Amino acid sequence: MRILAIGDINGRPGRRMVETHLPRLILEHRIDFSLANVENAADGFGITPDLTEQLLAHGLDCLTSGNHIYDKQEIIDYLAAQPRLLRPENYPTGAAGSGVYVGATASGTPVAVVNLMGRIFMPPCDDPFRTADRVLDRLSGLARIIIVDMHAEATSEKYAMGYHLTGRVSAVVGTHTHVQTADETILAGGTAYISDLGMTGPYDSVIGIEKSLALKKFLTGMPVRFSVARRDPRLCGVVIEVDDATGKARRIERIQVRPDAADEAGQDDAQSV
Ligand code: FE2
């Protein structure tokens, strides 16, 4: 089975890349199950119910998130009714939503997605390592193919999670930094790993934000209202091949899609929301 994991979708440029390129990627790579991190999909901050429905309609099977999941107030009630949109499982008890989804491919093979968040340079949350152990106990007998989105700032914490879970899950993919790393590998034990999938959004930016606004904040320390940049949109992620019978990863391939000139020109007219 082949799985497509897409990195952080940022604003309209990111959503447009998914809409334009996902159907072709699914066909070309013979994808059976796809997921994407969507916590920045609505103007760079959070996700709305409408955008969730749109992204699922484009062909994504599961959507993960992180520290921006609750940025849009209207997502809180929606989370209870939408099992395919996850928040980090190690949020404190009582947080709306769930961090675990068990779905299936078109041919009926169960696939589980687990969303975790790191603790280094991130908002306070529970221990992601012990949380992962408890989740894997719950998933025993439900799914052999398990994909973990480790939403974290520190590469060290992401590698630690990869080694903590190797042999027990099919893949650990990092998100949050918006910069794709070139360290994709199969860890001893059979778990596909990459420290960060990279951003699906505008690259002529400071990790998705309009450069002038990000610079103003760094240079003055004053509050600045951020907006998503527009130029140089790309789609980043990985394709992972997994043995259906064992859940072990066989192969991981990094992808980065850049649109042709016509697509990019169209982005100039796009609203940044
Ligand atoms: Fe994040």
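Details of the structure are given in the entry above.
Predicted model only: the values in this text are computed from it and were never measured.

A. Structural detail: the packing of helix H4 (residues 128-139) against helix H5 (residues 155-165). Running from N to C, H4 and H5 cross one another at 30 degrees; their axes reach a closest spacing of 11 Å. Between H4 and H5, the angle falls in the class roughly parallel. Here H4 runs over H5; the crossing is right-handed. Packed against H4, whose contacting residues are Pro 128, Phe 129, Ala 132, Asp 133 and Leu 136, the element H5 presents Glu 157, Ala 160, Met 161, His 164 and Leu 165 at the interface. Looking at the contact of H4 with H5 residue by residue, the classes come out as seven nonpolar, one polar and two charged.

B. Structural context of the state of the cysteines. Evaluation of the coordinates by the stated rule reveals zero disulfides. Cys 62 takes part in no disulfide bond, and the closest cysteine sulfur, belonging to Cys 125, lies 19 Å away. Residue classification places Cys 125 among the buried positions, given a relative accessible area of 13%.

C. Main features of the packing of aromatic side chains. Taken as a whole and judged by the stated rule, the model has three aromatic pairs. Taking 6.4 Å as the distance between ring centres and 25 degrees as the angle between the ring planes, the aromatic pair formed by Tyr 159 and Tyr 163 counts as stacked. With a gap of four residues between them, Tyr 159 and Tyr 163 both fall in helix H5, about one helical turn apart. The partly exposed category is assigned to Tyr 159, whose relative accessible area is 27%. Ring centres of Tyr 159 and Tyr 193 lie 4.5 Å apart, and the angle between their planes is 40 degrees; this geometry places the pair in the tilted category. Here Tyr 159, found in helix H5, pairs with Tyr 193, found in strand S9 (residues 191-194); they are 34 residues apart in sequence, far enough to count as distant. For Tyr 193, a relative accessible area of 0% corresponds to the buried category. Joined through ring pairs, the aromatic side chains of Tyr 159, Tyr 163 and Tyr 193 make up one cluster.

D. Structural context of the environment of Arg 230. In this fold, Arg 230 is placed in the loop between helix H6 (211-220) and strand S11 (233-242). Sequence spacing of Arg 230 and Pro 202 is 28 residues, and the spatial spacing of their C-alpha atoms is 5.4 Å.

E. Seen up close, the nonpolar core. Membership of the largest hydrophobic core comes to 31 residues, with the highest contact counts inside it found for Ile 9, Val 38, Ile 47, Leu 55 and Leu 60. No other element matches helix H1 (residues 11-28), which puts four residues into this core. Beyond its immediate sequence surroundings of up to four residues, Val 38 is in contact with Ile 9, Gly 46, Ile 47, Leu 55, Leu 63, Thr 64 and Leu 85. In terms of nonpolar packing, the next biggest core, distinct from the first, is built from 22 residues, Ala 5, Leu 86, Val 242 and Ala 249 among them.

F. Summary view of H4. With 12 residues, H4 extends 16 Å between its outermost C-alpha atoms, agreeing within 8% with the 16 Å of an ideal straight helix rising 1.5 Å per residue. All buried positions along H4 are accounted for by Pro 128, Phe 129, Thr 131, Ala 132, Val 135, Leu 136 and Leu 139. All buried residues of H4 lie within an arc of 155 degrees about the axis, which places them on one face of the element. Opposite its buried face, H4 presents the exposed residues Arg 130, Arg 134 and Asp 137, each directed more than 90 degrees away. At its buried positions, H4 is contacted by strand S4 (100-104), strand S5 (110-117), strand S6 (145-151) and H5. Capping the start of H4, Asp 127 holds a side-chain oxygen 2.7 Å from the backbone nitrogen of Phe 129, two or three residues further along. Immediately downstream of H4, the backbone of Gly 141 shows phi near 90 degrees, a positive value.

What counts, and where the lines are drawn
Residues numbered from 1 in each chain as written. Predicted model: local features only at pLDDT ≥ 70, side-chain atom pairs only at ≥ 80, totals over all residues. Heavy atoms only, no water. Axes fitted to C-alpha atoms, helices over the stretch in contact; angles between N-to-C directions. Helix = DSSP H or I, 4+ residues; strand = E, 2+ residues; numbered from the N terminus. Parallel < 35°, antiparallel > 145°, perpendicular 65-115°, else oblique. Left-handed = near helix turned anticlockwise from the far one by under 90°. Contact = heavy atoms within 4.5 Å. Nonpolar A, V, L, I, M, F, W, Y, C, P; charged D, E, K, R; others polar. Disulfide = S-S within 2.5 Å. Buried < 20%, exposed > 50% of the residue type's maximum accessible area, 1.4 Å probe, protein only. Phe/Tyr/Trp six-rings, centres within 6.5 Å; stacked < 30°, edge-to-face > 60°. Core = buried A, V, L, I, M, F, W, Y, C linked by side-chain atoms within 4.5 Å. Expected span 1.5 Å × (residues − 1). Arc of directions from axis to C-beta. Polar contact = N/O pair within 3.5 Å; in protein donor to acceptor, adjacent residues only side chain to side chain.

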